[in-house]
Amino acid sequence: MDGSHSTFVSPSPANSALARTLRQPAPLPKVGRLGRRAAFASPLILLIVWSALSYSGLFPKEIVVPPDGIWRAFISQWSSGELPKNLLGSLQRLAVGYGVGAGLGIVLGVLMGASKQAEAYLMPAFQTLRQLPTIALIPAFIMIFGVGETVKIVLVAKATALPVTLGAFQGVRGVPSRWFEVARLFRIPAPVVATKVILPAILPSLFQGLRIALSHAWVVLVGAELLIADNGIGQMMEWGRQTFRLDIVLVGVVLTGLIGFLLDKGFRLLERGLKGRGA
Amino acid sequence: MAFEHPDTASKLSIDRLSKNYILDRKPLRVLLNVSLDVAEGEFVSIVGRSGCGKSTLLRLISGLENDYSGDIRLDGQVISRPGLDRGLVFQDPSLLPWMTVRQNVAFALVNVDLPAPEKAERVAEHIDLVGLKGFESAYPKELSGGMAQRAAIARALVTQPEVLLLDEPLGALDALTRVRLQNELQRIWLRHKMTVIMVTHDVEEAVYLGDRVVIMDPGPGRISRIVDVPHPHPRDRASPELHALRDAVLADLTNGVLS
Amino acid sequence: MTAATNAIKTPILHRLSALRGWVVPVAALAAWDYCAHTGAGHAYVFVPLEQVAAALWDNLLNGDLELSWAASALRTLTGFAIGATLGVALGGVMATWRIADALINPLYQAVRQTPLMGLIPLISLWFGNDERSKLLVVSLAAFYPCVLNTYEGLSGANRRHLEVGRIFLASRGQVFRHILLPGAMPAIFTGLMQATAFAWLSSIGSELFFDPGPGLGNLMLNGQAAFRMEVVLLAVLVIGLTGYASTALITLVSRRVLRWRPVWQA
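Residues numbered from 1 in each chain as written. Chains lettered and ligands numbered in written order. Predicted model: local features only at pLDDT ≥ 70, side-chain atom pairs only at ≥ 80, totals over all residues. Heavy atoms only, no water.

Student: Which parts of the structure should I look at to understand the side chain of Lys134 of chain C?
Tutor: Note on placement: Lys134 of chain C falls in helix α7 (residues 131-155). With sequence-adjacent residues up to four places away left out, Lys134 of chain C is seen in contact with Arg75, Asn129, Ser206, Glu207, Phe210, Asp211, Pro212 and Gly213 of chain C. (Helix = DSSP H or I, 4+ residues; strand = E, 2+ residues; numbered from the N terminus. Contact = heavy atoms within 4.5 Å.)

Next up, the structure:
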């Protein structure tokens, strides 16, 4: 400790390389920048890789169906009316189940958020329900509701209600209590408070819950349709599986992914649009 | 012991240093022809309004930034990248949150060629030096702002650097802690007499601790004046001469704003 | 009301209010039991609670429950181990080497969009319907969240921490070991937690979609086929409890590993 010169290892070439790499200006978060480009490139790259695989002859054409095979199956299913019927059936179920579930979820979430009493009574039951994955409830629900439309809608509703409730609950909880005080101070009437103050404040969290719920709902619906067959995309895939028609199954796979993607992206656009309108 | 005059063979010499950033494809001149000689064992304070480039200057000396024109030399050697001969303390302690105080200080020695027992001894010494004995196993989240900053100082000193660079080290602390740590800094510096360059926005702190106060002006950043503080250490905060110097520096700083 | 009576009242009220959460479940169970005993329609649905308890006891005794649970759990663990390891590794590779990122990321993004359920018929045709396919599904379920979270954790490194590394001349390996990896641990654990939940639920799910074999999902299917609601309910209960327990376990582990985390960042 007498101020003598320090002993240090002279910087090695590796260190200057590191310094050079790290010296770059802080990049945009990698996911964001690449993610945006990947959004366009990914289906293309997938297509390229898939075509390479299928045309390479490594696998028989029935197993790894090349893109034109998938396309032909798509066209034939569409023109025969099968695909539109299935698509419509799935989307209808999704809409109804989602609507019911979202409605329930919003009511429950707002109730628990607004009233500590309600939360005390309902939250434990809610948390318990969360522990029961929807997929695991399929046999139970089949026993209760049979194998018709109802059971699928109930399953979708259950899958939807949970994230929506959470989103609504967190949204209401996130509103600073001070706002309510201010509103009361200025004697702003309750409906105005509800629409102009509370609603915009809840919306971001609520919308996130709605978006998550939508993707859950879609997954559950496809799964349910795989098991309970009358019509729908899932059922189409199941039929393809049973008749060893991989091309049909792949049409279903592509469509499932595509619809899931569109639903999610569409929702995000909606969120952004509403945000833009000055929430 | 007072310093009469900076040595002719200075420890750190900065010669016509200029730096530009590119912003929106237009060059932004952050520093223009900054020249400064720092003698060995000297304590130099740098003050200036925001935008005067004082932090950039420090980062250039530390080697974190290196795209500059002009010369920066330490003991005659050109500086272009980080090195263990210069210690740096940021405004935020920037301790690694997943390491204890001991591990954080020891991290500085990760590329120092010393046997493990010696490293451990040095780490312990420096933790004791900054007054954190007993807190070796604490995580940063358990430390107050002042304590965390002390740990950061220990980390900067454990490599026994030739020059200690401080970038507004006490800026994020409350007034009382700041005064305490200023005294600590002075105590540590008096014990080791290493060369110190400290950037601060607190004029009183600059005058209290520094042998010289460098006043910088923005647009583009350059040195406007250097004020000598020829008072022996340790100093009396209440001394009228110090107050007069402080007022003089303040007046200089606010000149552009108020006139 | 004097201060004294207030002081007495509060602890009692406290204990009572803690019970509020039980009101709804107890009421629901009571309603269930009522329907079971009054023979309101769907007799096979509303099985009396005693029957569920009896089923629990029976299945525990004859080993059915343990065997089923063990089968599902083993598959979960194996699939989790495979999927999480590969997922963390891939996320790490993608975050560390730009080339890997550029090559793999687009593919990954495209495949990620398809829900696992949708891939099941494909897996069934490509790999068959046996235990192997179920394991594949579980591994995939654990794989996805690990890749994403590991990647984000490693690429989102704090700039200042990296500068600390530069000041002390840390090599690339040292930066990874001392700065990047510990900093990414919170995100990695988030991924592991999600992977656990997904692995468990897809283990059960895979039993519903592929060939029969030992497992809780299979137990449910058998119960459903035999119209024995008590078995189905029993299985649901066990599934929920196990899910809860595994989440709690990982949370506990993460709290120990991440004990350095400042509270407000949780």
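Student: Hey, could you run me through the sheet that holds strand β6 (residues 86-89) of chain B in this one?
Tutor: Within a sheet, neighbouring strands are paired by backbone hydrogen bonds and run either parallel or antiparallel to one another. All names here are of chain B. The sheet built from six strands is open, its strands ordered β6-β7-β8-β3-β9-β10 with mixed pairing. Edge positions in the sheet fall to β6 and β10 (222-228), since each of these pairs with one other strand and no more. Averaged over all neighbouring strand pairs, the angle between strand axes comes to 20°, with direction disregarded. Bridge count for β6 against strand β7 (residues 163-167) is four bridges, and the pairing is parallel. Looking across to β7, one finds that Leu88 is bridged to Leu165. On the sheet, helix α1 (residues 54-62) packs against β3 (43-48), β6, β7, β8 (195-199) and β9 (212-217) and is oriented at approximately 150° with respect to β7. Lying over the sheet, helix α4 (residues 145-157) contacts β6 and β7, oriented at roughly 170° with respect to β6. (Pairing = 2+ DSSP bridges. Axes fitted to C-alpha atoms, helices over the stretch in contact; angles between N-to-C directions.)

Student: What exactly am I supposed to notice about the confidence of the model for chain A here?
Tutor: Atom-level detail of predicted coordinates should not be read off regions where pLDDT is low. Residue and element names in this part refer to chain A. When the pLDDT values of chain A are averaged, the result is 78; 81% of them are 70 or greater. Confidence, read as mean pLDDT per element, is least for helix α1 (residues 13-22) in chain A (38) and greatest for helix α7 (residues 149-173) (91). Overall, residues 1-35 carries pLDDT values under 50, and its contacts beyond four positions in sequence, including any with other chains, amount to 50 contacts. (pLDDT = per-residue confidence, 0-100.)

Student: I'm lost on the packing of helix α3 (residues 49-61) of chain C against helix α11 (residues 229-257) of chain C in this one. Help?
Tutor: Two measures define how a pair of helices packs: the angle their axes make with one another and the distance between the axes. All names here are of chain C. Where α3 meets α11, the closest approach of the two axes is 9 Å, and the angle between their N-to-C directions is 70°. With respect to α11, the element α3 is oriented roughly perpendicular. Each of Gln51, Val52, Ala55, Leu56 and Asn59 in α3 lies in contact with α11, whose residues at this interface are Glu230, Val231, Leu233 and Leu234. Among the residues forming the contact of α3 with α11, the class breakdown is six nonpolar, two polar and one charged. (Parallel < 35°, antiparallel > 145°, perpendicular 65-115°, else oblique. Nonpolar A, V, L, I, M, F, W, Y, C, P; charged D, E, K, R; others polar.)

Student: Can you walk me through the confidence of the model for chain B in this structure?
Tutor: Residues and elements named next belong to chain B. Residues with a pLDDT of 70 or more make up 95% of chain B, whose mean pLDDT is 88. Considering each helix and strand of chain B separately, the mean pLDDT is smallest for helix α7 (residues 240-258), with a value of 81, and largest for helix α2 (residues 101-107), with 96. Counted against residues more than four places away or in other chains, residues 1-7, with its pLDDT under 50, gives 10 contacts. Taken over the whole predicted complex, pTM reads 0.82, whereas the ipTM for its chain interfaces reads 0.87.

Student: Just to check I follow, could you spell out the pairing of strand β4 (residues 69-74) of chain B for this structure?
Tutor: Residue and element names in this part refer to chain B. Across five bridges, strand β1 (residues 12-23) lies against β4 in antiparallel orientation. Its bridge partner being in β4, Leu12 is matched across the sheet by Leu74. One ladder, built from two bridges, connects β4 with strand β5 (residues 77-78); its direction is antiparallel. Its bridge partner being in β5, Leu74 is matched across the sheet by Gln77.

Student: What is the right way to read the pairing of β1 of chain B from this model?
Tutor: The two faces of the sheet receive side chains in turn, since in a regular strand these alternate between them. Where β1 of chain B and strand β2 (residues 26-38) of chain B come together, nine bridges link them in antiparallel fashion. Within β2 of chain B, the position partnered with Ser13 of chain B by the bridge is Asp37 of chain B.

Student: When you look at the side chain of Glu225 of chain A in this model, what are you seeing that I'm missing?
Tutor: Residue and element names in this part refer to chain A. Of note, Glu225 is situated in helix α9 (residues 190-227). At a separation of 3.0 Å, a polar atom in the side chain of Glu225 contacts the side chain of Ser90. Filtering out sequence-adjacent residues up to four positions away, Glu225 remains in contact with Ser90, Arg93, Lys152, Asn231, Gly232, Ile233, Gly234 and Gln235. (Polar contact = N/O pair within 3.5 Å; in protein donor to acceptor, adjacent residues only side chain to side chain.)

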